[in-house]
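A structural walkthrough
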Amino acid sequence: MNHGWDRRRVLKQLFAAAGAIVMPLRGTRAPASSVPTRSVHISSVSPHTFRLSIFPGPHGQLGTIPVTGPLVSPSVGRPILVLEDDWQSHTLQAGGVRLQVSPAPLAITIETAQGRAVQHLAIDPSSGAVEFDTGNAPLVGLGEGGAQFDRRGSFDPMINGQGGYELRTHGGRVPIPWLISTTGWAMLFHQPFGTFDFRQSRSRFQAARPEDGLPLDLFFITASEPGTIMTEYARLTGYPELPPLWSFGYQQSHRTLASSREVIDEADTFRQKKLPCDVLIYLGTGFCPSGWNTENGSFAWNSHVFPDPKAILDALHEKNFRVALHAVILTDRLRGRVHDKCELDRFDEQEASCYWQAHRKDFAMGVDGWWPDEGDPLDIASRLTRNRMYWEGPLLDRPNDRPYALHRNGYAGMQRYASFLWSGDVYSTWETLRTQIAVGINTGLSGIPYWGTDIGGFVPTPEFTAELYVRWFQFGAFCPLFRAHGRTWKLRLPWGWNTGDPGPVEIKNYGGAAIPDNGQLHNHAVEPICRNYLELRYRLLPYLYSTARESTITGMPIMRALWLHHPDDPAALACGDQYLWGPSVLVAPVVEKGATTRRVYLPRGAWYDFWTGERKEGGSQITRTVDLETMPLYVRAGSILPLGPVKQYVSEKVDQPMSVSVYPGADAKFLLYEDDGTSFAYRKGEWMGIEMKWDERQRSLTLGLASGSRMVEPGSRPLVIKLGQVSREIVFNGTPARATF
């Protein structure tokens, strides 16, 4: 029997921007040339962005550009210059820059208002290929995966999926044709989808297929502030939605399950050991001998493990765990929306409305989120349809609950659906851990703020030791997605390295895979180290959640390239092995086996060692001594860092005040954001923002209620303000307050 058709039958059964004001202008005629007839449109999208559209013939218009879904508004930007037939050179202002447009060959020189050269584009009018200056500064972005960190020197075929580029170390590829130069410009190639060649002084973009070269549609952004570039991209492709607060807690993934008793025992162990955790994720049968469902792609429960699914879900909820289920897609196309009508007599699994119906019975039992796996063959429109389906689908039944979904595939615009992304089936090696840092940075620069890896690596190798796991766990604690998953899955449990049991052996189909030596499986040091980083993650949730909210209104990522805050520091621009966690915390993961030191670059300015409080002057590399318990963390001078009490899950009520640590050296400000963590009430003003401002000269911290916000439950907030070893206790009740040192 055809397996794909069998799965189809199973599914059937389960279904019971303000632009510059310029007058429109048409080009004047010039002597006839051999240049093919083309229609060239230039639009001013904003004071920082212009749009260039080239059509394969006269009378082209934006409506003829294919719509695949990445743009919030496909028609953004009204043409201010239209060039058709034979035309002469033109000079105009658009997107805050001066453009010199020449016809033969078709070229555009981009300059600032002060005359500084920004870029020179040369376009082949027949193929739509674009050449541009590679430059002498890092080129970043381009989505998840591929050659890291700086894209210069590489050829990128932009192949989607786990076969895209060196899966073992770099992970799955989510190619997004959004390219950023750290000199202050960026390009989004909306159409066509294509390849990049950065191996020469002049780089080249061209369509993946020659026949798709036209129409060409690209957006060019220029800004001296990196944050402006990120905001412009968000205006084009969408600002991220805010996911539920619990999605930023620790997520424990499971593979082959022995019984329902094992499901409950794992949950109980987290609580008994006081290891904070919010989400339990269950893999599907088909990827392991015994998962949550009956077979790959099925939405029927595996009765051996979940004899009474509703009762087990209820039991896990009573223990304050959320449950997410693994799901695969059985088709290579997906279209439509969940609100569309689905006719049972002509059930079509390629219709999002039909496919989502298969989820709803399980969702009604109390499933909290989904893990949409596979989907590599999906085209761009289908990938975005799938991302949107896992956002809009849950809202049909729980319209006031923010959905959660962890995807393997997506595209520009997936952030509009609060999609989480993980880097795929990487191998457990030190090289992989090193590489994933840069992968995460570039993913964030590509507009996807919610990203993470399989902690420990998906496929165990001879390098998979307790040490590697600990170092990866420390890195994972400072990724937006904090999740452990992989084969030999019991070694992904925080206590798993001290039981002698690696879990079911599921590695026979993987070359280079291996089970750790038994001598590694009785290491009592791992669990307390994991506990320390779990507790730190939960203490940092007020800071992390505030940073996530900032992302939804600015487009800034959570994992930030140093360039985003230090554009004038050449060493910071090229740094891809460390990053900023929000605006203030510098993270330098340890990625060398047996390391006793870690070289860390501190950008210009002063920094404080998070662990010791020691102040260091930046602008150079330092050598930080490390042991297995320590991953270097530094806090920028002129920062305000809120730290909540330790919790076992995000919604736990703990009768301890929040501490607010001030790191002096410069004036500072921070907006502490809080809402109920689950609903959309914040859209109606049900949120609290505490504006915190540190005055370095007066040595005082003032607090006030942010405009548009209000005090939310539990009302007044006891706070402990810390400056080094000195602390002040205050209660903030919505009226201005001050702590002076």
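The coordinates are above.
Everything numeric here is computed off the predicted structure, so don't read it as measured data. (Residues numbered from 1 in each chain as written. Predicted model: local features only at pLDDT ≥ 70, side-chain atom pairs only at ≥ 80, totals over all residues. Heavy atoms only, no water.)

Take the sheet that holds strand β39 (residues 726–732) next. Taken in spatial order, the four strands make up an open sheet running β33-β34-β38-β39, and their pairing is mixed. What marks the edges here is a single partner per strand, and that holds for β33 (639–643) and β39. Neighbour-to-neighbour, the strand axes of this sheet turn through a mean angle of 25°, independent of strand direction. Across seven bridges, the pairing between strand β38 (residues 717–723) and β39 is antiparallel. Across the sheet, the residue bridging to R717 is F732, located in β39. (Pairing = 2+ DSSP bridges. Helix = DSSP H or I, 4+ residues; strand = E, 2+ residues; numbered from the N terminus. Axes fitted to C-alpha atoms, helices over the stretch in contact; angles between N-to-C directions.)

Glancing now at the packing of aromatic side chains. Under the defined criterion, the tally for this structure stands at 45 aromatic pairs. With a centroid separation of 6.1 Å and 75° between ring planes, the pair formed by F458 and Y510 is classed as edge-to-face. Of the two residues, F458 sits in the loop between β23 (451–452) and α9 (466–476) while Y510 sits in the loop between β24 (483–484) and α10 (526–539), which places them 52 residues apart along the sequence. Relative accessible area serves as the criterion here: at 5%, F458 is assigned to the buried category. By the ring-pair criterion, three or more aromatic residues cluster together here, those being Y250, F270, F321, F464, Y469, F473, F482, W495 and W497. Its end group placed over the ring of F363, R398 keeps NZ or CZ at 3.6 Å from the ring centre. Of note, R483 hangs over the ring of W371, and the distance from its end group to the ring centre comes to 4.6 Å. (Phe/Tyr/Trp six-rings, centres within 6.5 Å; stacked < 30°, edge-to-face > 60°. Buried < 20%, exposed > 50% of the residue type's maximum accessible area, 1.4 Å probe, protein only. Lys NZ or Arg CZ within 6 Å of the ring centre and 35° of its normal.)

What follows deals with the state of the cysteines. In the structure shown here, the tally under the stated rule is one disulfide. Disulfide pairing places C342 opposite C354 at an S-S distance of 1.8 Å. Here the S-S torsion is close to 105°, and the disulfide linking C342 with C354 is therefore right-handed. Of the two residues, C342 is situated in the loop between β19 (322–328) and α6 (352–365) and C354 in helix α6; the sequence distance between them amounts to twelve residues. Across the pair, C354 and C342 agree in class, each one buried. The thiol of C530 is not disulfide-bonded; the next cysteine sulfur, from C277, is found 12 Å away. (Disulfide = S-S within 2.5 Å.)

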